[in-house]
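Working through the structure, step by step
The chain contents come next:
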Amino acid sequence: METIEVTALPPASTKPTTLLIGKFDGLHLGHQQLLNEANTLRESGEEIAVFGFSDHPLWVLKEDSKYEKSLSSYQDKLHLLEHASVDRYYHIYFTKEYAQITPEQFVREQLGQLNLTRVIVGEGFQFGKGRNADVRGLANLCKEQGISVITLPHVTFDNEKISSTEIRNNVAKGRMESVQALLGRPFETTGVVVKGEALGRQLGFPTLNLAEIEEYVEPNPGVYLGVVEVHYEKSSAHYFSLISAGYRPTVNGETYKVEAYLLDFSGDLYGRNITVKYLRFMRGEENFNGLDELVENMKEDERNARQILGLDINEE
Ligand SMILES: Cc1cc2nc3c(=O)[nH]c(=O)nc-3n(C[C@H](O)[C@H](O)[C@H](O)COP(=O)(O)O)c2cc1C
Ligand SMILES: Nc1ncnc2c1ncn2[C@@H]1O[C@H](COP(=O)(O)OP(=O)(O)OP(=O)(O)O)[C@@H](O)[C@H]1O
């Protein structure tokens, strides 16, 4: 997939193209429907492109913290779109200035030179300065350029429109089963393993400490059952894991951290990239009365996890 960085105008393109527009955070089931439609309609020689925004407009314009963090990092998004057979990704630097573009300028100047055959959007799509134009406005402006607009009904779950915002809320509340149902895969964060305080090893629960995950929305502090994928040069391995996400009050932790205790694994993974996949919230984070109580509870967490997974419980 070709990635094109856009700070002002996208470069002209000659290939007939179907375009999708938006932030596409998490590439949830609603977004996937647009991509499926684009692939179904694709004719020989046609390409699929995504006009994606670097930051959520409500974060840039209102600094609303709900829109600061993401379900997928920039790299994740590129992988997901490539996997969905997207040929070109326009990475639009969404700034306060960009938000001043009117619907007319957007269609005529931003999209005008892309040789578009069609644009596919969800039914509530709005765009342009002040989100002033809707799908009807888009269709009228696109008609001038000979571009057809396809509007798809919202994909819903429990009669609610699936949205990235709602999924981010669910992650923040630890509702990982709902998140998985709406994304079509578990919520996951990819980062690099760094050295922690090595206390976990002494406690009998060595953990992988995950860094470089600042882009992601933070799950509700607590213990989760999940899977860790360890990326090697040409392959990867998956391990059932207990994930601890939070501030670690028992050991006077101050910053939010994510660490994973891999069941039935021992080895050194410092410097490796790993993907932590959240399956199920097990309990909230607690401020235990000392390390002994913490260890007792970690043992209980492991027993519970093994029982859920049907794995042997090997107590010393
Ligand atoms: C299964 C599990 C459950 C945990 N639960 C808590 C908890 O409830 N409260 C807390 O303060 N820390 C909790 N932790 C975090 C530990 O305090 C942390 O793993 C330990 O301090 C080791 O940190 P280190 O890897 O930086 O050495 C938990 C860790 C694991 C693996
Ligand atoms: N549930 C859905 N069903 C169908 N299309 C959708 C759905 N959600 C979003 N879309 C469409 O996907 C494109 C990208 O939308 P966008 O990234 O703004 O999604 P969103 O989930 O509504 O985001 P957010 O909640 O962060 O505002 C738009 O065309 C939008 O209309």
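Here's what I pulled together on the structure shown here. Since the structure is predicted, the reported quantities are computational estimates derived from the model, not experimental observations. (Residues numbered from 1 in each chain as written. Chains lettered and ligands numbered in written order. Predicted model: local features only at pLDDT ≥ 70, side-chain atom pairs only at ≥ 80, totals over all residues. Heavy atoms only, no water.)

**Quick notes on the site of ligand 2**
To keep it simple, the criterion reads: Near residues are defined by distance, with any heavy atom within 4 Å of the molecule or strand qualifying the residue. Any pair of N or O atoms that falls within 3.5 Å is considered a polar contact. Within protein, one atom must be able to donate a hydrogen and the other to accept it, and sequence-neighbouring residues count only if both atoms are side-chain atoms. Each accessible area is a Shrake-Rupley result for a 1.4 Å probe, and residues are judged covered by the shown protein chains and nothing else. A run of H or I in DSSP counts as a helix once it spans at least four residues, and a run of E counts as a strand once it spans at least two, with each numbered from the N terminus. For this classification, the nonpolar set comprises Ala, Val, Leu, Ile, Met, Phe, Trp, Tyr, Cys and Pro, the charged set comprises Asp, Glu, Lys and Arg, and every other residue, Gly included, is treated as polar.
Surrounding ligand 2, one finds 22 residues, the nearest of these being F24, H28, V155, S164 and T165. Here H56 contributes a side-chain N or O atom positioned 3.1 Å from an oxygen atom of ligand 2. Protein chains bury 89% of the 610 Å² of accessible surface belonging to ligand 2 in isolation. Looking at the shell around ligand 2, the element that brings in the most residues is helix 1 (residues 29–41), giving four residues. Each residue belonging to the shell around ligand 2 can be placed in one class, and the counts come to eight nonpolar, 11 polar and three charged.

**Examining the site of ligand 1**
L199, T207, T250, E259 and E286 are the nearest of the 23 residues found near ligand 1. Between A198 and ligand 1, the recorded distance is 3.1 Å, taken from a backbone N or O atom to an oxygen atom. Within the contact set of ligand 1, an oxygen atom lies 2.9 Å away from a side-chain nitrogen or oxygen of R283. Across the complex, the protein chains shield 98% of the 630 Å² of accessible surface that ligand 1 would expose by itself. Breaking the shell around ligand 1 down by element, the ones donating at least two residues are helix 8 (199–203), strand 12 (236–246), strand 13 (257–262) and helix 9 (291–309).

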